[in-house]
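Architecture at a glance
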Amino acid sequence: MPWYTDFFTDLANTFWRGAVSPSQTTAEIDFVLDVADLPSGAHVLDVPCGSGRHSIELARRGHHVTGLDISAEALTHARGTVSDVQWIHADIQDLGSLGLTTELAICMGNSFGYLDHAANQRFLADLAGVSPTLVVDYGCLAEAILPNPPGEIRLSAGGVDLTAVNSYDVAEARLLIDFTFTQGERTQQATAVQHVYTAGELTRMLVAAGYSQIDRYSDTDRSSFALGSHRLLIVARR
């Protein structure tokens, strides 16, 4: 069973909902709509959508949105926030069997790389089958994390305390993150696993999946991606 199947429960989701400001979501959707050049009322897939912050903002701007996620808690929260989004409770590995067709797909919030390498490649191929344009927001790039090796992080957001202890699996090129979420007497401990790719390797994966034009940015201001950038915003077009 993939690690993410039961990772995103209420403590983890409450933390992430509190950790991201509305202004960050606005900036990310401004970027997405700028690079995608969508017509009004376009169909957009948000996968995985989590608690729906990107889906909700896209719907607010008049687009027809489908949000897909495996976390029942996250989708319950999303449904309680807005009703004019099609929320689908499913694993990202089921995407290819759903028969979806959209004008844009987004994979935001550092949610790529959750699967093993072969499954990550299938996920990209499934996305290429769904949409001619894809935007991926990915923080576990080798160029982003390896110049400054990960250590321990302590944060608080949404009334939840977080401790994250990071280690790097050299043999498998994976970032292993031991999370502890605490809220009062409640505690959740779980390990997240993300595969680490270089920008070049991810580009080759996207080309193999069926995309032909690849643009790379380091932030929503459309600055160029470079060694040491803290994230990669990659835009792929068929």
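Everything numeric in this text was worked out from a predicted model, so none of it was measured.

Counting 58 residues, the largest nonpolar core has Phe112 and Leu127 as its most contacted members. A per-element tally of this core places helix H5 (residues 117-130) first, with six residues. If near-sequence neighbours (up to four positions away) are discounted, Leu127 is found in contact with Leu45, Val47, Leu95, Ala105, Leu134 and Tyr211. One finds Ile29, Val65, Val82 and Ile106 within the second-largest nonpolar core, a separate group that totals 25 residues.

What follows covers the sheet that holds strand E9 (residues 186-195). Taking strand neighbours across the sheet as the criterion, the four strands line up as E6-E7-E8-E9 in an open arrangement whose pairing is antiparallel. Bordering the open sheet on either side are strand E6 (152-157) and E9, each of which pairs with just one other strand. Geometrically, the sheet is characterised by an average inter-axis angle of 20° between neighbouring strands, direction not taken into account. The pairing of strand E7 (residues 160-169) with strand E8 (residues 174-183) spans nine bridges and is antiparallel. Note on E8: the bridge partner recorded for Ser167 is Leu176.

The set of residues buried in helix H7 (residues 199-209) consists of Ala199, Leu202, Thr203, Met205, Leu206 and Ala209. Taken around the axis of H7, the buried residues stretch over an arc of 160°, which confines them to a single face. Among the exposed residues of H7, those oriented more than 90 degrees off its buried face are Arg204 and Ala208. Of the surrounding secondary structure, the elements contacted by the buried residues of H7 are H5, strand E5 (133-138), helix H6 (142-145), strand E10 (213-217) and strand E11 (232-237). Directly after H7, the chain includes Gly210, whose backbone phi takes a positive value near 125°.

Quick look at the pattern of salt bridges now. What the rule picks out here adds up to 13 salt bridges. The shortest N-O distance in the salt bridge between Glu57 and Arg60 comes to 2.6 Å. Of this pair, Glu57 and Arg60 both sit in helix H3 (residues 53-60), separated by three residues, roughly a single helical turn. Residue class for Arg60 comes out exposed when judged on its relative accessible area of 59%. Between Asp219 and Arg231 there is a salt bridge, with its nearest N and O atoms 3.1 Å apart. Of this pair, Asp219 sits in the loop between E10 and E11 while Arg231 sits in the loop between E10 and E11; the two residues are 12 residues apart in sequence, bridging distant segments of the chain. On the basis of relative accessibility, which here comes to 11%, the residue Arg231 falls in the buried class. By sharing partners, the salt bridges in this structure join Glu28, Arg53, Asp137, Asp219 and Arg231 into a single network.

Definitions and cut-offs
- Residues numbered from 1 in each chain as written.
- Predicted model: local features only at pLDDT ≥ 70, side-chain atom pairs only at ≥ 80, totals over all residues.
- Heavy atoms only, no water.
- Core = buried A, V, L, I, M, F, W, Y, C linked by side-chain atoms within 4.5 Å.
- Buried < 20%, exposed > 50% of the residue type's maximum accessible area, 1.4 Å probe, protein only.
- Helix = DSSP H or I, 4+ residues; strand = E, 2+ residues; numbered from the N terminus.
- Contact = heavy atoms within 4.5 Å.
- Pairing = 2+ DSSP bridges.
- Axes fitted to C-alpha atoms, helices over the stretch in contact; angles between N-to-C directions.
- Arc of directions from axis to C-beta.
- Salt bridge = Lys/Arg side-chain N within 4 Å of Asp/Glu carboxyl O.

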